[in-house]
Amino acid sequence: MAPHTQQNSTGFYGLGIAPKILATLDRLKFQTPTPIQHKAIPAAIAGTDIIGVAQTGTGKTLAFAIPMIQRLEQEKGRGLVLLPTRELALQVEEVFQKVGHASGMKTAVLIGGASMYHQVQSLKANPRIIIATPGRLIDHLEQRNVNLGEVKVLVLDEADRMLDMGFQPQIERVLRTIPKDRQTMLFSATMPREILGLATSYMKLPVHVEIAPSGTAAERVTQEVFIVKQDSKRKLLEKLLAQYHGTVLLFSRTRIGARKITRAIKDMGHRVSEIHSDKTLAQRREALEGFKSGKYRVLVATDIAARGIDVTGIELVLNYDLPDDTGNYVHRIGRTGRIGREGHAISFATPDQGNDVKGIESLIKTALPISEHPEIPTERFAKPQVVFRSNRFKRRLPHRRAF
Ligand code: ADP
Ligand code: MG
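All values derive from a computational prediction rather than experimental measurement. (Residues numbered from 1 in each chain as written. Chains lettered and ligands numbered in written order. Predicted model: local features only at pLDDT ≥ 70, side-chain atom pairs only at ≥ 80, totals over all residues. Heavy atoms only, no water.)

**Q** Explain the overall build of the chain to me, using residue names and the numbers behind them.
**A** Counting secondary structure elements, the chain contains 15 helices and 14 strands. Here the C-alpha radius of gyration of the chain, 21 Å, is about what a compact globule of 403 residues would show, namely 22 Å. Across its three principal axes, the chain shows a C-alpha extent of roughly 65 × 55 × 40 Å. For the chain, with 403 residues in total, the buried portion stands at 56%. Put simply, 76% of the contacts in the chain that link residues at least 6 apart link residues at least 24 apart. Total accessible area on the chain is roughly 18,200 Å²; 51% of this is exposed by carbon and sulfur atoms. When the 58 positive and 40 negative side-chain charges of the chain are each reduced to one mean point, those points stand 3 Å apart. (Helix = DSSP H or I, 4+ residues; strand = E, 2+ residues; numbered from the N terminus. Rg over C-alpha atoms; globule rule 2.2 N^0.38 Å. Buried < 20%, exposed > 50% of the residue type's maximum accessible area, 1.4 Å probe, protein only. Contact = heavy atoms within 4.5 Å. Areas by Shrake-Rupley, 256 points an atom, 1.4 Å probe, with all protein chains shown as cover. Lys, Arg positive; Asp, Glu negative; His and termini not counted. Charge placed at Lys NZ, Arg CZ, Asp CG, Glu CD.)

**Q** An account of helix α2 (residues 35-45) is requested, with residue identities and associated values reported.
**A** Within α2, the full set of buried residues consists of Ile36, Gln37, Ala40, Ile41, Ala43, Ala44 and Ile45. In this structure, the buried side of α2 is in contact with β1 (50-53), α3 (60-74), β6 (183-188) and β7 (207-210).

**Q** For the sheet that holds strand β5 (residues 151-157), give the residues involved together with the corresponding values.
**A** Taking strand neighbours across the sheet as the criterion, the seven strands line up as β3-β4-β2-β5-β6-β1-β7 in an open arrangement whose pairing is parallel. A single partner strand is all that each edge strand has here, and the edge strands are β3 (107-110) and β7. Across the sheet, the mean angle from the axis of one strand to that of its neighbour is 15°, orientation sign disregarded. (Pairing = 2+ DSSP bridges. Axes fitted to C-alpha atoms, helices over the stretch in contact; angles between N-to-C directions.)

**Q** Can you lay out the domain arrangement of the chain for me, pointing to particular residues and giving the numbers?
**A** As assigned here, the chain comprises domain 1 (2-210) and domain 2 (221-371). Each of domain 1 and domain 2 has a C-alpha centre, and these two points are 28 Å apart. Of the residues lining the interface, 21 residues belong to domain 1; the matching set on domain 2 comes to 17 residues. Surface buried jointly by domain 1 and domain 2 totals about 1,600 Å² across both partners, of which 57% is contributed by carbon and sulfur atoms. On inspection of domain 1 and its partner domain 2, the count reaches three salt bridges. Among the ionic pairs, Asp160 bridges to Arg307, the shortest N-O distance being 2.9 Å. Put simply, domain 1 and domain 2 have eight residue pairs in polar contact (both at pLDDT 80 or more) between them. Put simply, the parts of the chain that give the side of domain 1 that touches domain 2 at least two residues each are α4 (86-100) and α7 (159-162). No other element matches the five residues that α4 contributes to the side of domain 1 that touches domain 2. Residue composition of the side of domain 1 that touches domain 2, grouped by class: five nonpolar, 11 polar and five charged. (Domains from an automatic or database assignment. Buried area = accessible area lost by both parts, 1.4 Å probe. Salt bridge = Lys/Arg side-chain N within 4 Å of Asp/Glu carboxyl O. Polar contact = N/O pair within 3.5 Å; in protein donor to acceptor, adjacent residues only side chain to side chain. Nonpolar A, V, L, I, M, F, W, Y, C, P; charged D, E, K, R; others polar.)

**Q** Can you explain the packing of aromatic side chains? Please cite residues and give values.
**A** The tally for this structure, following the rule as stated, stands at four aromatic pairs. Ring plane angle 45° and centroid distance 5.6 Å describe the contact between Phe64 and Phe187, whose orientation is recorded as tilted. Here Phe64 is found in helix α3, whereas its partner Phe187 is found in strand β6, with 123 residues between them in sequence. Accessibility assignment for this pair places Phe64 and Phe187 in one class, buried. Among the aromatic residues, ring-to-ring pairing joins Phe64, Phe96 and Phe187 into one connected group. (Phe/Tyr/Trp six-rings, centres within 6.5 Å; stacked < 30°, edge-to-face > 60°.)

Pasting the structure below:
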């Protein structure tokens, strides 16, 4: 294709985006809005409350960043983005920096594990946009480092996670300090019904922008399941790491498991790092950066990396353990196949996890093909499988901060 012309760059016209931001999008080579951007941006620029549900890797960040920046250019006040992990906060800030560059809009990132002092300095510079994880934001509120009385636009990214039992009390606490007269936008690839009810209670007649039903997996990610005894997982992993050649993001249920698997993969002779909450922020950043740059071929993670992380070109997502939370399956495998690319997801299920697999299948409304490996003993799921009861039970378990 020829270098882009005016013709190519017209995709974002007609959505109500201001010329300055259009020019920036052009410069950043964003040419065609994704479906969620196409639908959400005009409504969000108009100030409407929005619940945006679209598959992983379809550009939800820009769908809220563009309108937030534009509205804050036009009126006073602040924008606040709340999200579940430090890594996601840093990644989202990068998007705001790029898109808001021309308007010189200052941002502050408030996340755990980083120096309070530097965050206080960044707050003193009077940022227009604050990107925060709830715990650290509350620390700053309690120390009166920040005043959220001027927040005009609020975004909950990974909104269903932000409103589940683990985070919801903190979100309540933060919301008490934010004016009711504000715009609220919620984005996720999953939005369970029970959370949706709660979410709308924080909003004013929200418009539901749904590109795909909640739980829809990324389009071009192929999936398969191996039924394997716990004891045989490591051997199967070794076979698969030899069979695939690209980057692998591997999910472990627990931090301890992650550590052990990392060591085993190292012993197998692969370049590997790990990311979970036993690691410092600096170690976590190094692991993620190293994974992005190719220093590490395999990144072993807990569900801390399940949501939001945007790394281009992950070939394989490997669920060494199934997630505790069914919804996280969709988020985990969504780390591959981003923005229309292809990807593959392999899950290991033990013979007693037939119900968990059924639960995932009912969420994604797709049957998962079962694969066998010639060198690993063939297993079957134990019967019987009481599907729905087991699912409901899972949802109601208090959130476990295993990662
Ligand atoms: P989501 O939040 O939906 O999972 P992200 O906002 O992280 O997705 O975006 C995924 C990737 O798609 C990012 O690398 C981003 O730069 C890219 N992207 C977003 N919008 C567009 C677009 N309109 N055209 C091309 N790439 C885009
Ligand atoms: Mg996202």
